[in-house]
Amino acid sequence: MAKSLADIRAELGECRRCSLCDTRTTVVFGVGNHDAEVMFIGEAPGKQEDLGAEPFIGAAGKYLNELLQLAGLTREEIYIANVLKCRPPENRDPQPAEIEICSPFLREQVRAIAPQIIVTLGNFATRFILRTDRGITGLRGQIQITGPFSVLPIFHPAAAIYDRLKQPLMEQDFRLLGRLIETRRFEKNNVDKTTLCEEQP
Ligand code: SF4
C-alpha cells in the first residue's frame, strides 16, 4: 500500500543522507494537489526554490505557470516535485550517487499521488522516469507509456528561458499535454461506464 505524502515527508525529515545537506537551505519536498491527474517532475531546486522551500517558484516557475494554461491546467490542479530534494551548489548537475540516494522519496511520491500522466522536465527527470540514457532533445514531445502512466518528456522551463528557440516547442508540447489529458479522461470515463454496466445485476 502506498504511503501518504505526509508520512513520506516525515520520513525525509531534515535529511542528511547525502552531502547536499551541507550546502542547501531547505529540503524542497514537493507541492500541489495530492490527487493530481498530472504530476510534473523536475531536476532539483534552484536558488529561489532552496530559499522558498517550494519547487518552481523562480523565473522558471513563472514561465511554467504560463505554459500550464496552454494545457488547460492551473498550478492548483497539478503536483510538482524534483528528483533531488536539495539544491546542488551553483545549480550543478545532479550526481548519480545523489540521485540513487534521494530518488526513493520521489518514487514514493509518485505512488502516493498515482497520477495518470507524468510530465518530465529536462534530461535528469526524463532519464530517471523512463530509465533511458537518451537525451531530452530526442525524446521531447513524444508520449511514452510506462506501467500505468503516460509520460510526456518536455524541456526544462529554465532551458527554454535561456534558449528562446525552444519556446515554440514548449508551447507545442503543452498543447499536446492538453490533448493527452482529454484522451486519458475519455478513456477513464469509458472504463468507468463499462465497469458500471458489468456490475449491473
Ligand atoms: S538531496 Fe535528497 S538524499 Fe540528499 S540530503 Fe537532500 S533530501 Fe537527503
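Everything below is about the structure shown above.
Worth saying up front: this structure is predicted, and the values here are computed from it rather than measured. (Residues numbered from 1 in each chain as written. Predicted model: local features only at pLDDT ≥ 70, side-chain atom pairs only at ≥ 80, totals over all residues.)

Engineer: In this structure, what is going on with the overall build of the chain? I would like to understand it.
Structural biologist: Scanning the chain for helices and strands turns up eight helices and six strands. Its helices and strands in sequence order give the chain the pattern α-β-β-α-α-β-α-β-α-α-β-β-α-α, from N to C terminus. In terms of overall size, the chain behaves like a compact globule, its C-alpha atoms giving a radius of gyration of 17 Å where 201 residues would be expected to give roughly 17 Å. Taken along its principal axes, the extent of the C-alpha atoms in the chain is 60 × 40 × 30 Å. Relative to its full complement of 201 residues, the chain shows a buried share of 38%. Expressed as a percentage of contacts within the chain between residues at least 6 apart in sequence, the contacts between residues at least 24 apart total 72%. (Helix = DSSP H or I, 4+ residues; strand = E, 2+ residues; numbered from the N terminus. Rg over C-alpha atoms; globule rule 2.2 N^0.38 Å. Buried ≥ 20, exposed ≤ 12 C-beta atoms within 10 Å, placed from the backbone. Contact = placed C-beta atoms within 7 Å.)

Engineer: Where do I start with the pairing of strand S6 (residues 149–154) in this structure?
Structural biologist: On a regular strand, each side chain points to the face opposite its neighbour's, so the side chains alternate between the two faces of the sheet. Across the six residues that make up S6, a large majority, five, are buried. Across five bridges, the pairing between strand S4 (residues 117–121) and S6 is parallel. Along S6, the bridge assignment pairs Thr 120 with Pro 153. The hairpin formed by strand S5 (residues 144–146) and S6 contains two residues between the paired strands, and Gly 147 there has a positive phi angle of roughly 55°. (Pairing = 2+ DSSP bridges.)

Engineer: Is there a simple way to explain the site of the ligand in this structure?
Structural biologist: Lining the immediate surroundings of the ligand are 14 residues, of which Cys 15, Cys 18, Lys 85, Cys 86 and Cys 102 lie closest. For the shell around the ligand, the element with the most residues is helix H4 (residues 96–113), which contributes three residues. By residue class, the composition of the shell around the ligand is 10 nonpolar, no polar and four charged. (Near = placed C-beta within 6 Å. Nonpolar A, V, L, I, M, F, W, Y, C, P; charged D, E, K, R; others polar.)

Engineer: Can you walk me through the sheet that holds strand S2 (residues 38–42) in this structure?
Structural biologist: Ordered by their spatial adjacency, six strands build an open sheet running S1-S3-S2-S4-S6-S5, and the pairing between neighbours is mixed. Taken across any chain shown, the strands that pair with only one partner, and hence form the sheet edges, are strand S1 (31–32) and S5. Together, S2, S4, S5 and S6 form the strand contacts of helix H5 (residues 123–130), whose direction differs from that of S4 by roughly 140°. (Axes fitted to C-alpha atoms, helices over the stretch in contact; angles between N-to-C directions.)

Engineer: Explain the packing of helix H1 (residues 5–12) against H4 to me, please; I cannot follow it from the model alone.
Structural biologist: Helix-helix packing is characterised by the crossing angle of the two axes and by the distance between the axes. Direction vectors running N to C along H1 and H4 enclose 170°, while the axes themselves pass 9 Å from each other. The orientation of H1 with respect to H4, classified from their angle, is roughly antiparallel. Along its contact with H1, which presents Leu 5, Ile 8 and Leu 12, the element H4 presents Phe 105, Glu 108, Gln 109 and Ala 112. Taken together, the residues of the contact of H1 with H4 break down into five nonpolar, one polar and one charged. (Parallel < 35°, antiparallel > 145°, perpendicular 65-115°, else oblique.)

Engineer: Any chance you could explain the nonpolar core here in plain terms?
Structural biologist: A general tendency of soluble globular proteins is for nonpolar side chains to be buried together. Val 38, Met 39, Phe 40, Ile 41, Val 83 and Val 119 are the most contacted members of the largest nonpolar core, which has 46 residues in total. If near-sequence neighbours (up to four positions away) are discounted, Met 39 is found in contact with Ile 78, Tyr 79, Val 110, Ile 113, Pro 115 and Ile 118. (Core = buried A, V, L, I, M, F, W, Y, C linked by C-beta atoms within 7 Å.)

Engineer: What is the right way to read unusual backbone geometry from this model?
Structural biologist: Among all residues except glycine, the phi angle is most often negative; among peptide bonds, the trans geometry is most common. Positive phi, close to 55°, is recorded for Phe 56, a residue that is not glycine. Within the secondary structure layout, Phe 56 lies in the loop between helix H2 (47–52) and helix H3 (59–70). A positive phi angle, near 55°, is found at Glu 90, a position not held by glycine. Mapping Glu 90 onto the fold places it in the loop between strand S3 (79–82) and H4.

Engineer: How do you make sense of the environment of Tyr 79 when you look at a structure like this?
Structural biologist: Along the chain, Tyr 79 turns up in strand S3. Remark: the alpha-carbon pair of Tyr 79 and Asp 35, spanning 44 residues in sequence, is separated by 8.3 Å. The residues contacting Tyr 79, other than those within four sequence positions of it, are Gly 30, Gly 32, Asn 33, His 34, Ala 36, Met 39 and Ile 113.

Engineer: Just checking my understanding: could you explain the environment of Arg 140 for this structure?
Structural biologist: Assignment of secondary structure puts Arg 140 in the loop between helix H6 (136–139) and S5. With 29 residues separating them along the chain, Arg 140 and Leu 169 place their C-alpha atoms 8.8 Å apart. Leave out the neighbours within four places in its chain, and Arg 140 touches Pro 153, Ile 154, Phe 155, Leu 169 and Asp 173.

Engineer: Any chance you could explain H5 here in plain terms?
Structural biologist: Since the α-helix packs 3.6 residues into each turn, any two residues three or four apart lie on the same face. For H5, the full list of buried residues reads Asn 123, Phe 124, Ala 125, Thr 126 and Ile 129. Of the surrounding secondary structure, the elements contacted by the buried residues of H5 are S2, S4, H6, S5 and S6. Positive backbone phi, approximately 50°, marks Arg 131, located one or two places after H5.

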